[in-house]
Amino acid sequence: MRFRQRLHITFCRLWSNVLRSRIDLFLLRNAINQLAETTYFSTRLHEFTAKILDAISYVIENEATIAPTVVQNFRSTIHRTHMYLAGSTTKEAPYEMEYCLKKALSIWVSRDTIITTALTDGHDFHFSPADPWKFIKTFVPGFATNGYDPLLVQLGLPRLYRHKPIYCLALYHELGHFVDEYHGITKLSMLLDPSPLAIGHLQIPTTASTADKERVELSHRKEYFCDMFGAAYVGSSSIETLVAIAPNAPASNSHPATSDRQRSVGAFISGRADPLALLYQKCLTQQKIPNLTKFFVPPSIGKYFDDIRPYQIMDSSELHGTLSAAWSYLATCLDKREAPWIEHSTTDEEIERVVNDLTEKTLRNASIRERWSNGAAA
Amino acid sequence: LKADSETIRWAQTIGDAVLAAVPRELSQHLNPFWLTLRLVEQGRSDIPADAARHFDDIISQVRALLQDSYSHSSPISPEVVELILEIRATEGLRNAIDSLPKLNAIPPEIAHNILSTMEQRLAFAD
């Protein structure tokens, strides 16, 4: 056993002796209780939190009858859930992006989902699940969930972009990671064909083990899959955001080179299926979920945005397409400055703000109209 | 496709140490399998019925798929996929899984051996 591993295990033993699961659960219960008192939670999050608090209380009260390993795992599950909830107490949540992603998510996950958002101070986006109810139903059967089991999905996006939907296009790539993880797509692809389809020309040291090579292959496949996924919702703008952030990034063990990713997305958009894309579609078919295709229609927002008016979205394909169209519109405004509202003195910053605001209002109006018609129909 | 020179130069500089830095961790999907086996290893007689049923079901699906070369018509659970990948990458794991009885008849030492074998692969990267 390696020294660091021994050290880690020793530390964990000492730590768990001092900070016992029971004590940690008390701390977590208090912390979640405080979250529940916030006025910024939605009704659904309040319900979720109340049920989680009931489950924690049940485990604390019945600890003696539950295996210590299960209690430890329960604690980890609740810890993760707390992290997700804690990131969602502010009223800064980007409601419009949540709305778009919830629409996209609905065709990939049949379970009830609750989306929470964590604003990050860095440049990172993420989209990850927490599923405490699956664990509780299986390992804490004494607690009656009464059929309540929504999946908690956390969006993570830079605080800087919370009201900049056009700059949040990367979330569709992250949604791809979520779908991949939830359905096991790229791992299934490794099962069906482990040959080096993704790392292709990456020079792996000859001393690397097969397992090491397969790990790198899997990491690259995940990124290619999510690039295709993002392109299925917002077209080439998804990869253009990557090019804007990391134009010349070379391949690493976790990510393909930006240039290779551009080529892969270009092939997908133009309908040229490479072996990897075909393998993904085979896996999606196997898992009985939709194949990746174009899920968006970019609406003609130009004449509306030129008049500084939001566009009226007709359906969900236009909803996703609005982001793609707005990305192009913004690029054109910045490059050519031809929109009628742009004056000689208008700065790039003002152009960005106007286009992002119009996009945000367009998405918000679609959501409000939907709620209105749902309410009217009820 | 040919790599550009920058990529090749970069690739040539990476070695085993860098490769070993790719994270290896137990996935969320495999956690129920691992936890159930851990309870068997500990000799617990109170393993929840749902956990035991789930474990036996997963093992049964894994065996079936290993025999029919993954030509399966219904969706394959991510947990099954990951367990098969583990089996493929871990020497000795397939024999151990093949000879497993139902969960309630698995001796603690067999559970211990399987967990040790899997954990060796998950050994921390330096």
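See above for the structure.
Described in the following lines is the structure provided in the data block.

Cut-offs used in this document
- Residues numbered from 1 in each chain as written.
- Chains lettered and ligands numbered in written order.
- Predicted model: local features only at pLDDT ≥ 70, side-chain atom pairs only at ≥ 80, totals over all residues.
- Heavy atoms only, no water.
- Helix = DSSP H or I, 4+ residues; strand = E, 2+ residues; numbered from the N terminus.
- Core = buried A, V, L, I, M, F, W, Y, C linked by side-chain atoms within 4.5 Å.
- Buried < 20%, exposed > 50% of the residue type's maximum accessible area, 1.4 Å probe, protein only.
- Contact = heavy atoms within 4.5 Å.
- Salt bridge = Lys/Arg side-chain N within 4 Å of Asp/Glu carboxyl O.
- Expected span 1.5 Å × (residues − 1).
- Pairing = 2+ DSSP bridges.

It is worth spelling out unusual backbone geometry at this point. Residue and element names in this part refer to chain A. At Ile308, a residue that is not glycine, the phi angle is positive and equals roughly 55°. Following the sequence through the fold, Ile308 ends up in the loop between α13 (302–306) and α14 (316–336). Positive phi outside glycine occurs at Arg337, with the angle close to 55°. Summarising the element assignment, Arg337 is placed in the loop between α14 and α15 (348–377).

The next subject is the nonpolar core. Residue and element names in this part refer to chain A. Counting residues in hydrophobic clusters, the biggest one holds 136 residues, and the most contacted among them are Phe74, Trp108 and Leu292. In terms of residue count, helix α9 (residues 210–234) provides more of this core than any other element does, 10 residues in total. Those residues in contact with Trp108 that sit more than four places away from it in its chain are Val179, His183, Phe229, Tyr233, Leu284, Ile289, Pro290, Leu292 and Phe295. Ile199, Leu202, Ile204 and Ala208 belong to the second largest nonpolar core, which has seven residues in total.

With that out of the way, let us pick up the pattern of salt bridges. Residues and elements named next belong to chain A. Tallied over the full model, the rule gives 25 salt bridges over all chains. Here Lys164 and Glu352 are joined by a salt bridge, their closest N and O atoms 2.9 Å apart. Taken together, the residues Lys164 in the loop between β3 (151–158) and α7 (170–183) and Glu352 in helix α15 connect sequence positions 188 residues apart. Glu352 shares its class with Lys164; the two are buried. Three or more residues are tied together by salt bridges with common partners; here these are Arg111, Asp131, Lys137 and Asp149.

Attention now goes to the environment of Thr117 of chain B. Residue and element names in this part refer to chain B. Looking at the element boundaries, Thr117 is found in helix α7 (residues 108–121). Using a relative accessible area of 23% as the deciding quantity, one classes Thr117 as partly exposed. Sequence separation between Thr117 and Leu35 is 82 residues; the distance between their C-alpha atoms is 15 Å. Contact partners of Thr117, with chain neighbours within four places excluded, come to Thr90 and Glu91.

Turning our eyes to something else, we now look at helix α4 (residues 49–67) of chain B. With 19 residues, α4 of chain B should cover 27 Å at 1.5 Å per step; its first-to-last C-alpha distance of 27 Å lies within 8% of that length. Buried residues belonging to α4 of chain B abut α6 (132–139) of chain A together with α3 (31–41), α5 (78–89) and α6 (93–98) of chain B.

Looking now at α6 of chain A. Of all eight residues that make up α6 of chain A, six are buried, and the element is covered over most of its length. Where α6 of chain A is concerned, the buried positions are Pro132, Trp133, Phe135, Ile136, Thr138 and Phe139 of chain A. Looking at the buried positions of α6 of chain A, the neighbouring elements they touch are α3 (43–61), α4 (68–86) and β2 (126–130) of chain A together with α3 and α4 of chain B.

This part is about the pairing of strand β1 (residues 113–120) of chain A. Residue and element names in this part refer to chain A. Extensive coverage of β1 is indicated by the burial of eight of its eight residues. A two-sided burial pattern is seen for β1, the buried positions comprising Thr113, Ile115, Thr117 and Leu119 on one face and Ile114, Thr116, Ala118 and Thr120 on the other. Pairing geometry for β1 and β3, over eight bridges, is parallel. Bridging across to β3, Ile115 finds its partner in Val153.

So, on to the environment of Leu35 of chain A. Residue and element names in this part refer to chain A. Tracing the chain through its elements places Leu35 in helix α2 (residues 21–36). On the basis of relative accessibility, which here comes to 12%, the residue Leu35 falls in the buried class. Distance in space between the C-alpha atoms of Leu35 and Thr49 is 8.3 Å, their sequence separation being 14 residues.

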